[in-house]
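# Notes for the structure review
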Amino acid sequence: MSNAIDIKVPDIGDFSDVPVIEIFVKPGDTVKAEDPLVSLESDKATMEVPAPRGGVVESISVKLGDKVSEGSVIMTFKAEGGAAAPAPAEAAKPSVSAAPAATNAPAGVAEVRVPDIGDFKDVPVIEIFVKVGDTVKAEDPIVSLESDKATMDVPAPLSGVVTAIGIKIGDKVSEGSVILSLATGDAPVAATATSPQPSPASGRGSDTAAAAALSAGNAEIEAGFALAYAGPAVRKLARELGVDLGKIKGTGDHGRIVRADVEAFAKGGGAAAAPAAGKAAAAPAGGGVGGIDLLPWPKVDFAKFGPTERKELSRIKKISAANLHRNWVVIPHVTTHDEADITDLEQFRVQMNKELEKSGVKISMLPFMMKAAVAALKKFPEFNASLDGDALVLKNYWHIGFAADTPNGLMVPVIRDVDKKSVPDIAKEMGELAKLARDGKLKPDQMSGGTFTISSLGGIGGIYFTPIINAPEVAIMGVCKSYWKQHSSDGKTYTSRLTLPLSLSWDHRVIDGAAAARFNVYFANVLADLRRVLF
Ligand code: CAO
């Protein structure tokens, strides 16, 4: 029996199938408790998994690009006082090279191998469409490979039931690699999958078909993708940002292109175009949009002009910068401004704070805005939704995020089920989450699952701004400081009303201007008279 100690992924909140983006140790390394072992990257945060104890690394069970969840074994440590046998997780790990040769396949089982994919080798598997037990028909897509100029779906050569899968996402395969085993009910057979098909979802084509259809500019980018040494998540990011991977020098192990390389390249003006827009066929070979070349990022020796000091960006700033940049580049933002009359609500708020004085809870305008947001989201459900390919996923829960300014940068804690909570409860929870955020103690699950975000600069100042949508949400409400404004309903008599400036940014792929204007008007009406939430 093995004496090895399995090191597992700890509780990482609501996240699952999170890619491993960095491995900090290798077999034989001695680590101390709390030393970082691997880095995981969800769409919200990068998380380092620290060693739960000291020890010597015996084996690593994951590799870059592998997706892990709570409980996944990432490595084993040698048990103290003796050599250990291999950990069970490692033994169970699927491996293409360990797959039996075609001639050894049991009767009625066909081993399906990668077909001729041209000159390409070591092509990453980016999607697996089947699982063990699935029944497939000949020509059903079984896996998707990302190779030169295209994402290719490999179809099943025969009909049958999948009995084993010999690859996993991120594995690199070449012609002849075993993909899976198929019980066909016939004699043993080695089947080579039929020629790969262009993936319809990707909008890109196969080596031959799509290459002709691609514009000159896109073909150039696609060729860069083929040759680049980068994992699926990095490729996906590069596509989202319109970055040509072929132009990037990787800073990862063995020249691997990592997320930061793509972001740095895009920040430096290296993004060609948002993917949906593509690149005009007439665009110059050097990259550019609408025929205009993007200039390189200005490189200036600032010290020539005066004294400077260099301050590295905090980890949070780097993560939020990457998210904000992607969201700004990918989402077609429009911001609609409006204002709410909160004179009566402010009076009520002050009164309620007096009554709650002894409870220790202090209510600002933000919890009321959360309630108003839920009312508006219920009336306009497409604002409480996310895009999923060509479909809109409408959510029947109302978890509202709020931007919190912290010494380390912007964070967005989420208050769940705002519709079911009282205003004082929301205020209390908001205070607790804001404190955790400022102390750097917010857990991933306290930042996930949001359906709409409010960014309030009301405690600071300003009148209007353009908040950036927090993907995959489709809208965000920005609020600034309320001020007294003269209002008139007849142009003759004027009264002073406390006025709250609103700035709603919305994703124009999902929401139209008229709906946004209606959302703002309704949101403002609810704040003007909260009794409206009863209707
Ligand atoms: N108009 C006028 N006054 C306002 C107001 C508004 N819209 N919103 C808040 N205030 C007042 C509060 O009532 C409070 O006044 P008192 O000190 O007299 O009680 C004061 O401003 C400070 O409020 P607050 O900021 O502590 O509380 P909040 O609930 O409004 O906000 C939080 C909490 C965590 C959202 C906030 O502290 C914060 O971090 N805001 C920054 C968000 C941000 O950075 N957004 C930009 C994102 S894009 O980079």
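Structure: see above.
For clarity, every value in this text was computed on a predicted model and none was experimentally measured.

Next up on the list: the overall build of the protein. Per the secondary structure count, the protein includes ten helices and 29 strands. When the 535 residues of the protein are sorted by exposure, 44% land in the buried category. Contacts spanning at least 24 positions in sequence make up 63% of the contacts within the protein whose residues lie at least 6 apart. Here the protein has roughly 26900 Å² of accessible surface; of this, 56% comes from carbon and sulfur atoms.

The full count for this structure, using the stated rule, is 19 salt bridges. Between Lys168 and Asp66 there is a salt bridge, with its nearest N and O atoms 3.9 Å apart. You can see Lys168 sitting in the loop between strand 14 (160-165) and strand 15 (172-173) and its partner Asp66 sitting in the loop between strand 6 (55-60) and strand 7 (67-68), a full 102 residues away along the chain. Here Asp66 falls in the buried class, since its relative accessible area comes to 6%. Here the salt bridges do not stand alone but share partners, grouping Lys63, Asp66, Lys168 and Asp171 into one network.

Before going further, it helps to spend a moment on the nonpolar core. Phe452 and Ile454 are the most contacted members of the largest nonpolar core, which has 56 residues in total. Mapped by element, the contributors of at least two residues to this core are helix 8 (365-379), strand 22 (400-402), helix 9 (423-438), strand 26 (452-456), strand 27 (475-479), strand 29 (495-507) and helix 10 (513-528). Dropping the residues within four chain positions of it, Phe452 is found in contact with Ala373, Leu377, Phe383, His399, Ile400, Gly401, Glu473, Ala475, Ile476, Met477, Leu504 and Phe519. One finds Ile7, Val9, Ile12 and Ala51 within the second-largest nonpolar core, a separate group that totals 21 residues.

Relative to the assigned elements, Phe368 resides in helix 8. A sequence separation of 56 residues divides Phe368 from Pro424, and the C-alpha atoms of the two residues are 9.6 Å apart. When sequence neighbours within four positions are dropped, the list of residues in contact with Phe368 reads Leu345, Phe348, Arg349, Ile363, Val423, Leu527 and Leu530.

Time to look at a nonpolar patch on the surface. Residues Val300, Phe302 and Phe305 make up a contiguous nonpolar surface patch of roughly 350 Å² in combined accessible area. Within the secondary structure, Phe302 sits in the loop between helix 5 (259-270) and helix 6 (315-330).

Taken together, 19 residues sit near the ligand, with Lys362, Ser364, Asp405, Arg438 and Ser482 positioned nearest. Within the contact set of the ligand, an oxygen atom lies 2.8 Å away from a side-chain nitrogen or oxygen of Arg438. Ser456 places a polar main-chain atom, nitrogen or oxygen, 3.2 Å from a nitrogen atom of the ligand. Looking at the shell around the ligand, the elements with two or more residues in it are strand 23 (404-406) and strand 26. When its residues are assigned to classes, the shell around the ligand shows eight nonpolar, six polar and five charged.

Let us now look at the sheet that holds strand 8 (residues 73-77). If you walk across this open sheet you meet the four strands as 1-8-6-3, and the pairing is antiparallel. The sheet terminates laterally at strand 1 (5-8) and strand 3 (30-31), the two strands that pair on one side only. Across two bridges, strand 3 lies against strand 6 in antiparallel orientation. Within strand 6, the position partnered with Thr30 by the bridge is Val56.

On to the pairing of strand 21 (residues 391-394). Across four bridges, the pairing between strand 20 (residues 385-388) and strand 21 is antiparallel. Opposite Ser386, over in strand 21, you have Val393 as the bridge partner. Between strand 20 and strand 21, which pair antiparallel and follow one another directly, the connecting turn spans two residues, one of which, Gly389, has a positive phi of 60 degrees.

Moving on: the side chain of Thr343. Inspection of the secondary structure assignment puts Thr343 in helix 7 (residues 343-355). The class of Thr343 is buried, set by a relative accessible area of 13%. Apart from the residues lying within four places of it in its own chain, the contact partners of Thr343 are Trp484, Arg497 and Leu498.

The next subject is helix 6. Relative to the 22 Å expected for 16 residues at 1.5 Å per residue, helix 6 spans 23 Å between its end C-alpha atoms, a close match to the ideal helical length. Turning to helix 6, its buried residues number three or more, namely Ile319, Ser320, Ala322, Asn323, Arg326 and Asn327. The buried residues of helix 6 occupy an angular sector of 150 degrees when projected down its axis, which confines them to one face.

All right, on to the pairing of strand 2 (residues 18-23) then. One ladder, built from two bridges, connects strand 2 with strand 7; its direction is antiparallel. Within strand 7, the residue paired with Pro19 across the bridge is Lys67. Pairing of strand 2 with strand 4 (residues 36-41), which is carried by three bridges, proceeds in the antiparallel orientation. Each residue of the ladder has a partner; that of Ile23, found in strand 4, is Val38.

Next up on the list: the environment of Val161. Along the polypeptide, Val161 turns up in strand 14. Counting along the chain gives 30 residues from Val161 to Lys131, while the straight-line C-alpha distance between them is 9.5 Å. Filtering out sequence-adjacent residues up to four positions away, Val161 remains in contact with Gly133, Asp134, Thr135, Ser181, Leu182 and Ala183.

Each value, and the rule that gives it
Residues numbered from 1 in each chain as written. Predicted model: local features only at pLDDT ≥ 70, side-chain atom pairs only at ≥ 80, totals over all residues. Heavy atoms only, no water. Helix = DSSP H or I, 4+ residues; strand = E, 2+ residues; numbered from the N terminus. Buried < 20%, exposed > 50% of the residue type's maximum accessible area, 1.4 Å probe, protein only. Contact = heavy atoms within 4.5 Å. Areas by Shrake-Rupley, 256 points an atom, 1.4 Å probe, with all protein chains shown as cover. Salt bridge = Lys/Arg side-chain N within 4 Å of Asp/Glu carboxyl O. Core = buried A, V, L, I, M, F, W, Y, C linked by side-chain atoms within 4.5 Å. Patch = residues over 30% accessible without salt bridge, like charges linked within 9 Å, V, L, I, M, F, W, Y side chains within 5 Å. Near = heavy atom within 4 Å. Polar contact = N/O pair within 3.5 Å; in protein donor to acceptor, adjacent residues only side chain to side chain. Nonpolar A, V, L, I, M, F, W, Y, C, P; charged D, E, K, R; others polar. Pairing = 2+ DSSP bridges. Expected span 1.5 Å × (residues − 1). Arc of directions from axis to C-beta.

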